[in-house]
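Tertiary structure, described
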Amino acid sequence: MPVGGQRLGAALRTSGELTSGEPFPSRRPSRYEPVVRCTPRLMVITAAALLALAGAAAASELAGTWVPQELTPELLTRQPGNVRVLVFKEDPHGALVGKLLVPALAGVPVAVRRDGDHFRLALTMARGMETPLDATLSGDRLLVTQPGGTSQPATLRRASPEEMRTLDRLAPPKLPLPPMKALADNGLARTPPMGFSTWNHFATAIDDRTIREVADALVASGMRDAGYVHVNIDDGWQGTRDEHGALRANEKFPDMKALADYLHERGLKLGLYTSPGPKSCAGFAGSYGHEEQDARTFAAWGVDYLKYDWCSAGLVYDDAEMPAVYLKMAQAIRATGRPITFSICQYGRADVWTWGADAGGNLWRTTGDIADRWDIMSAIGFAQDALSPFAGPGHWNDPDMLELGNGHMTAAEYRTHMSLWAMLAAPLIAGHDVRHASPETTALLTNRAVIAIDQDPLGRAGRRVVQRDPLEAWTRQLDGKRTAVALFNRGETPAKLEATFAELGIAGRASALDAWSGRSLGTLDGKIAADVEPHGVVLLVLTPASAPAASPARE
Ligand code: GLA
């Protein structure tokens, strides 16, 4: 299961008993079912990340390693992935830092704050995605509840010396990390990467044949010619290491080099996925301890794009070490001499936008995992505004892959999804089954005017300039003094959005082109007004009246 991203948070909210199924390492049983079932009763508090307590007394009370009261030696050794451990320790400044550990799978920072006679904990899986918990010391027990939840409190006790030894054995040691030194721009991703990824639709149900069929469909549907050239194989391709430690693909990918050749012959590029941790989010082999070797393997296969997903690296490192962990792989990639687009995936923690480019990232995830749902897509997309200044040629904010064509949003919602990602200068990585896409899906993904907004050479991501709930206007400055204007209606009923040019930051008169329909709306003077359908968008490109007219596409 994706223990990275928001799904661990979901797992922690799942109620249920300790299960004896799902021995570690487990593969994700279905797209949305967490491999690790967890309830507050299963929580073990183990160690590491965060927050100042209101005093040393409080810190000493909570410091230590907490495991579920009912933990048995058998469970810890045979099914560590079913165990939750909370660890609290004091940092050198006397502040308490916490980490939730799922032994052998994941480690997630936990913020701690004293509130009267109890503690407020916050698990931060991803930027903006916190799971709050309340913890109360009762004698030698720690009772953990979910605020507002109906489930019984989880009762934790301190780990025994034997359990501590087992936990230590399960914890991989930190590896040497390079000193932080900004890597030079690698010259790639001058505009946001475009392509396809297996994850959103196929999850781990992937093989060589499916990838070739998807590649053929990208060509036949016109998607490749619209710019979707990266074919990214996400989690689930990895096999075991050979006697020299070289990572091999699993039996579903008999010849990765031949697959790369197949893509390259068609004007496409191969993307692969790995993790700095010992395991990927879906439980496959990670690159921990094999970073340089794996980079060389990927380069030899002809890989053009690497997604490096935090996952179990949280067991090994703290969030503060993320920059160096990513830099290490970026340096390993650079050392191969092959141009490889580097995709940082750590769910937007640790303010990645402030160091992602220095660590060699061409793009970095700014959120937990997207899903094919209006509430999740829109929550993610509309929360990107403040990050826009950090995007630019060679280094992009990545609010996650597209869900168009996966069937659980309306046409208006998918149009909003695509428009918002274009306004954000977000990577456009399609996530549907391209082989069986409807003409409507392909049309939404290949609209040249919308893609031209996303791929505008200035590379300046858009900002929200008007917010009148549930209506929002965003603008994005484009090449040639043009401005993209997106009028969004996040509400449930049709609504008219009016905005003045002053609000939109536009001077003088402007000719307007409707990006989705390609229709000219003539010359506008001083304001914009549009009726916008529920969950819908009107997307315009404005050209100053004195400048040449806006063209629907930048060829
Ligand atoms: C995490 C990532 C996803 C995907 C899965 C694969 O959840 O955020 O994008 O790569 O892992 O397991």
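Read on for an overview of the structure. Here the structure is a predicted model, which is why all the values come from computation and not from measurement.

1. Quick notes on the sheet that holds strand S17 (residues 396-398)
Here we have 8 strands laid out as an open sheet, ordered S17-S16-S15-S14-S13-S10-S9-S18, and parallel in their pairing. Two strands lie at the open edges of the sheet, namely S17 and strand S18 (428-430), each paired on one side alone. Shown here is a sheet whose adjacent strand axes are inclined to one another by a mean of 25 degrees, direction ignored. As judged from the 5 bridges shared by strand S14 (residues 305-309) and strand S15 (residues 341-345), these two strands associate in the parallel manner. Bridge pairing in S15 links Leu-306 to Phe-342. Along the sheet, helix H8 (residues 256-265) makes contact with strand S10 (230-232) and strand S13 (269-274), crossing S13 at roughly 140 degrees.

2. A word on the site of the ligand
Lining the immediate surroundings of the ligand are 15 residues, of which Asp-234, Asp-235, Lys-307, Asp-309 and Asp-369 lie closest. At 2.6 Å, a side-chain N or O of Asp-234 approaches an oxygen atom of the ligand. Here an oxygen atom of the ligand sits 2.5 Å away from a polar atom, N or O, in the side chain of Asp-369. If the ligand stood free it would expose 310 Å²; the protein chains cover 100% of that surface. Taken together, the residues that form the shell around the ligand break down as 8 nonpolar, 1 polar and 6 charged.

3. What about the pattern of salt bridges?
A complete count under the given rule lists 34 salt bridges for this structure. Where Glu-213 meets Arg-209, a salt bridge forms, and the shortest distance between an N and an O atom there is 2.9 Å. A residue pair is termed a helical-turn pair when its members lie 3 or 4 positions apart in one helix, as Glu-213 and Arg-209 do in helix H6 (residues 208-220) at 4 residues. With a relative accessible area of 27%, Glu-213 lands in the partly exposed category. Classification of Arg-209 as exposed rests on a relative accessible area of 59%. The shortest N-O distance in the salt bridge between Asp-319 and Arg-349 comes to 2.7 Å. Linking Asp-319 in the loop between helix H10 (313-316) and helix H11 (322-336) with Arg-349 in the loop between S15 and strand S16 (363-365), this pair joins segments that are 30 residues apart in sequence. A residue is classified by how much of its surface remains accessible, and Asp-319, at 17% relative accessible area, is buried. Residue Arg-349 is classed as buried on the basis of its relative accessible area, which comes to 3%. In the salt-bridge network here, residues are joined through shared partners; they are Asp-385, Arg-463, Arg-464, Glu-472 and Arg-490.

Rules behind the numbers
- Within any chain, residue numbers begin from 1 and follow the written order of that chain's sequence.
- pLDDT decides what is reported in this predicted model: residues at 70 or higher carry local features, side-chain atom pairs at 80 or more are listed and counted, and totals for whole chains, interfaces and linings draw on all residues regardless.
- Values shown for side chains rest on all heavy atoms present in the structure; no hydrogens or waters enter the calculation.
- Any two strands with at least two DSSP-identified bridges between them are counted as paired.
- Comment: elements are numbered from the N terminus, with helices defined as DSSP H or I runs of at least four residues and strands as E runs of at least two.
- Convention adopted: a line fitted to C-alpha atoms gives each axis, helices being fitted over their contacting stretch, and angles between N-to-C directions are expressed from 0 to 180 degrees.
- Residue contacts are defined here by distance: any two heavy atoms, one from each residue, within 4.5 Å place the two residues in contact.
- It suffices for a single heavy atom of a residue to lie within 4 Å of a molecule or strand for the residue to be listed as near it.
- We define a polar contact as two N or O atoms separated by no more than 3.5 Å, with the added condition that, inside protein, one atom must be a possible hydrogen donor and the other a possible acceptor, whereas residues neighbouring each other in sequence contribute only through side-chain atom pairs.
- For the accessible areas, the method is Shrake-Rupley and the probe is 1.4 Å, while residue cover comes only from the protein chains on display.
- By the convention adopted, Pro, Cys, Tyr, Trp, Phe, Met, Ile, Leu, Val and Ala count as nonpolar, Lys, Arg, Asp and Glu as charged, and the other residues, Gly among them, as polar.
- The working definition used for a salt bridge is a side-chain nitrogen of Lys or Arg within 4 Å of a carboxyl oxygen of Asp or Glu.
- Only protein chains enter the area calculation, which uses a 1.4 Å probe; residues under 20% of their type maximum are buried, those over 50% are exposed, and those in between are partly exposed.

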